[in-house]
Amino acid sequence: MTTQTTNSSMPEIGPDARGFFGRFGGRFVAETLMPLILDLQKEYEKAKNDPEFYAELEALQKDYVGRASPLYFAERLTEELGGAKIFLKREDLMHTGAHKINNCLGQILLAKRMGKKRIIAETGAGMHGVATATVAARFGLECVVYMGSTDIDRQQPNVHRMKLLGAKVIPVTSGTGTLKDAMNDALRDWVTNVDSTFYIIGTVAGPHPYPEMVRDFQSIIGREVREQIMEKEGRLPDSLVACIGGGSNAMGLFHPFIKDESVRLIGVEAAGYGIDTGKHAASLKGGTPGVLHGNRTFLLQSEDGQIQDAHSISAGLDYPGIGPEHAWLHEVGRGEYVSATDDEALEAFQMTCRLEGIIPALESSHAIAYAIKLAPTLPKDHLMVINLSGRGDKDMATVTAHLADQLED
Amino acid sequence: MTSTTPIQGNNQGRISRRFAELKQQNRAGLVTFISAGDPDYDTGLNNLIALSESGADVIELGMPFTDPMADGASIQKSSLRALTAGQNMQKTLQMVRELRKKDQDTPLVLMGYYNPIYCMGVDTFLAQAAEAGVDGLIVVDLPPEHDDELCVPAQKHGINFIRLATPTTDAKRLPMVLENTSGFLYYVSSTGVTGAAAPTPEKVEGEVSAIRAHTDIPIAVGFGIRTPEQAERIAKFADAVVVGSALTDCVENAATPAAGTDAIAELTRSLAKAVREAR
């Protein structure tokens with residue numbers, strides 16, 4: 001690996017000992033959970049320094065997941081947009097169809113080390129639920145997935161997949177029946193079943209050490225990109241673009257490049273119907289700092305600190321918060337955070353289908369949508385990597401419903 | 001109590017005075033919980049006054065939050081009813097002021113989650129809470145690791161910070177939990193959410209006496225206590241018994257708001273009688 005210029009003015013990359021990235025993060029949980037979270041942290045610290053843990057993880061990543069995922073030069077997309085040279089990081093080709101499995105494998109190996117017999121998870125679009133059900137089946141552990149009743153209706157194929165894999169899917173009707181409520185109910189389950197249960201959180205949020213741990217397990221995305229682009233182009237990329245709900249695929253891509261000042265880190269939030277309509281999921285652009293689900297971060301909330309519903313066409317981005325490390329990158333100005341609307345994502349979805357023969361997830365389509373705007377403004381020697389975090393098979397019903405008219409032509 | 005001196009507010013040490021009285025009477029206290037503004041502001045105020053007039057020794061008033069992660073179905077629903085009816089932090093503090101016009105003695109503890117306090121601003125919140133007549137705070141998602149956020153500032157305003165200890169709080173962790181706790185310690189007798197099934201009194205008694213080896217602070221026991229019979233059993237050894245979900249159920253099950261207030265008053269009276277006769 002070549003040496004790169006590092007930004008000496010960059011504050012130290014977190015988290016600190018109390019789980020903070022700047023003022024974001026922390027461990028805002030009930031006393032019942034504190035001892036569990038401290039145990040988990042201890043176990044993770046041990047695992048991090050254990051070559052055997054990584055040997056097992058790497059073997060599974062290679063033979064079970066299919067890593068490394070390709071870095072694909074999107075020739076026709078590049079040509080069409082007429083600017084930056086665009087590469088797609090093909091997480092959509094990985095087992096279970098999205099980047100979520102990277103994190104689930106790491107966490108289930110930890111669960112096994114800790115002697116836990118029961119796995120719980122929350123899921124929005126169902127991709128994290130499917131990945132969790134998959135690794136639970138692989139390791140023979142009981143699996144319970146909490147999913148908002150609204151999401152169950154719009155993501156039926158993933159509900160069936162989870163059940164086939166042996167997981168129990170519990171519909172969450174409390175609150176508004178979406179991802180945040182699924183996370184509440186998963187936390188309530190955990191607080192009840194403290195001895196037996198390991199909670200696999202699906203994104204770079206939650207109480208410390210989850211944001212750090214999930215980031216580390218997802219960072220394989222960025223580490224691979226680094227090697228692959230050096231091989232293909234002999235230098236680092238100029239920009240990285242990824243969609244953000246909680247922010248795990250983006251953090252996985254960004255993290256190995258944070259200290260490389262020349263690399264732009266661009267996170268694309270879901271603007272839903274538009275940020276000014278109030279119907280969106282853009283926590284950084286349309287939210288304020290607050291404390292939810294164990295961490296301080298930007299949240300969609302009222303002035304009185306009540307959490308508001310997010311809206312996005314993509315269930316996986318439909319979350320009123322964002323990982324604390326993103327909040328920090330935003331605050332210190334290292335990350336650029338932008339947004340794409342439902343309509344822009346749908347257009348990007350179609351363009352990728354027609355030009356590249358790839359059906360992207362609606363989540364990933366938000367990243368592509370912003371790249372469509374940005375790439376034409378950049379020179380041809382600008383190297384842009386877009387994280388294609390998942391495949392779009394699960395989104396057929398949603399897309400068909402929205403595009404009914406055009407598809408008839 | 002810690003050595004920090006109150007700088008403002010009208011907390012007159014109600015909590016410690018109340019527990020001293022209870023000790024003198026050789027009985028456990030009754031701590032009652034309702035969500036502020038459930039099902040609406042006016043009824044909620046009536047319910048609060050009913051608690052004070054029906055024998056509650058300490059009142060916990062819930063600050064409604066959209067995402068009460070440590071609460072079971074009953075208190076979740078009560079929070080949402082209150083929020084739907086327009087409850088907010090200003091109205092909750094106003095309820096405390098209204099109560100204080102009628103009742104200067106019963107300690108009032110605000111209970112809830114950190115976010116609404118954080119959004120209001122910790123200093124603004126504490127100054128207004130102290131002025132309104134709030135005596136203590138229970139904030140579920142602020143473990144001792146985050147004492148600098150609210151616990152230490154609260155004590156500077158003369159407001160007690162009441163910490164939860166749970167069955168997962170082991171002997172190694174307990175001193176840390178006790179360190180900045182003042183007023184009383186709330187022992188959550190079961191792992192799980194509010195309203196979950198209660199564990200056996202024998203088990204809880206053993207756990208409470210283990211905590212007593214570490215502290216002289218009064219210990220209130222809660223989670224899963226619904227009936228006068230259960231309260232009586234716990235009141236034999238605990239310094240106070242906390243009842244919440246059973247009272248919020250009174251609101252949910254009431255045919256009319258006024259009937260809910262009557263049901264709360266009746267249950268509070270029978271619970272108060274039970275704890276008074278326990279020893």
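Keep in mind that what you see is a predicted model, and the values were worked out from it rather than measured. (Residues numbered from 1 in each chain as written. Chains lettered and ligands numbered in written order. Predicted model: local features only at pLDDT ≥ 70, side-chain atom pairs only at ≥ 80, totals over all residues. Heavy atoms only, no water.)

Q: Lay out empty space enclosed by the protein with the relevant residues and their values.
A: In the structure shown here, the tally under the stated rule is eight cavities of 30 Å³ or more. Lining the largest cavity we find 30 residues, and of these His99, Lys100, Gly316, Leu317 and Glu363 of chain A sit closest to its centre. Elements supplying a minimum of two residues to the lining of the largest cavity: strand E5 (118-123), helix H5 (127-139), helix H8 (179-192), strand E9 (239-244), helix H11 (248-254) and helix H15 (362-374) of chain A. Counting only domains with at least three residues in the lining of the largest cavity, you end up with domain 1 (32-62 + 99-209) and domain 2 (66-97 + 219-402) of chain A. Put simply, the second largest cavity is a space of about 280 Å³. In terms of lining, the second largest cavity is formed by 29 residues, of which the most central are Phe33, Asp71, Ile75, Met111 and Thr194 of chain B. (1 Å grid on protein atoms, 1.4 Å probe; cavity = no way out; pocket = protein on both sides within 12 Å on 5 of 7 lines; lining within 4 Å. Points joined across faces, edges and corners; volume = space filled by probe spheres on them. Helix = DSSP H or I, 4+ residues; strand = E, 2+ residues; numbered from the N terminus. Domains from an automatic or database assignment.)

Q: Break down helix H4 (residues 89-102) of chain B for me, with residues and values.
A: Residue and element names in this part refer to chain B. With 14 residues, H4 extends 21 Å from end C-alpha to end C-alpha; this agrees with the ideal 20 Å at 1.5 Å per step. Considered for burial, the residues of H4 that qualify are Met89, Thr92, Leu93, Met95, Val96, Leu99 and Arg100. Seen from one end, H4 has its buried residues packed into an arc of 150 degrees, which puts them on one side. Of the exposed residues in H4, those oriented more than 90 degrees away from the buried face are Lys101 and Lys102. Contacts from the buried residues of H4 go to helix H1 (14-24), helix H2 (41-53), strand E2 (58-62), strand E3 (108-112), helix H5 (114-120) and helix H6 (122-132). At the N-terminal end of H4, a side-chain oxygen is found 3.2 Å from the backbone nitrogen of glutamine 90, two or three residues along, and the residue is asparagine 88. (Expected span 1.5 Å × (residues − 1). Buried < 20%, exposed > 50% of the residue type's maximum accessible area, 1.4 Å probe, protein only. Arc of directions from axis to C-beta. Contact = heavy atoms within 4.5 Å. Polar contact = N/O pair within 3.5 Å; in protein donor to acceptor, adjacent residues only side chain to side chain.)

Q: Describe the sheet that holds strand E3 (residues 71-73) of chain A, with residues and values.
A: All names here are of chain A. One open sheet accounts for six strands, arranged E3-E4-E14-E9-E10-E13; its pairing is mixed. Each having just a single partner strand, E3 and strand E13 (335-341) make up the two edges of the open sheet. Pairwise comparison of adjacent strand axes, ignoring direction, gives a mean angle of 30 degrees for this sheet. Judged from the seven bridges that link them, strand E10 (residues 264-272) and E13 form a sheet pairing that is parallel. In the strand pairing of E13, glycine 272 is matched with threonine 341. The strands touched by helix H10 (residues 220-233) are E3, strand E4 (85-90) and strand E14 (383-388); relative to E4, the strand with the most contacts, the crossing angle is about 140 degrees. Running over the sheet, helix H13 (residues 324-331) touches E9 and E13 and is turned about 110 degrees from E13. (Pairing = 2+ DSSP bridges. Axes fitted to C-alpha atoms, helices over the stretch in contact; angles between N-to-C directions.)

Q: Got a sec to walk through the sheet that holds E5 of chain A? Specific residues and values, please.
A: Residues and elements named next belong to chain A. Within the open sheet, the four strands sit side by side as E7-E6-E5-E8. Their pairing is parallel. Edge positions in the sheet fall to strand E7 (168-172) and strand E8 (197-199), since each of these pairs with one other strand and no more. Taking the axes of each pair of neighbouring strands and ignoring which way they run, one obtains an average angle of 25 degrees across the sheet. The sheet contact formed by E5 and E8 spans three bridges and is parallel. Across the sheet, arginine 118 pairs through a bridge with threonine 197, a residue of E8. Seen against the sheet, H5 touches E5 and strand E6 (142-148) and runs at an angle of roughly 165 degrees to E5.

Q: Quick rundown of the interface of chain B and chain A? Include the residues and the values.
A: Counting residues at the interface gives 37 residues for chain B and 37 residues for chain A. Taken together, both faces of the contact between chain B and chain A bury some 2900 Å²; the carbon and sulfur share is 52%. Inspection of the chain B/chain A interface yields four salt bridges. Scanning the region where chain B abuts chain A turns up 20 residue pairs in polar contact (both at pLDDT 80 or more). Mapped by element, the contributors of at least two residues to the side of chain B that touches chain A are helix H3 (73-84), H5 and strand E6 (164-165) of chain B. (Buried area = accessible area lost by both parts, 1.4 Å probe. Salt bridge = Lys/Arg side-chain N within 4 Å of Asp/Glu carboxyl O.)

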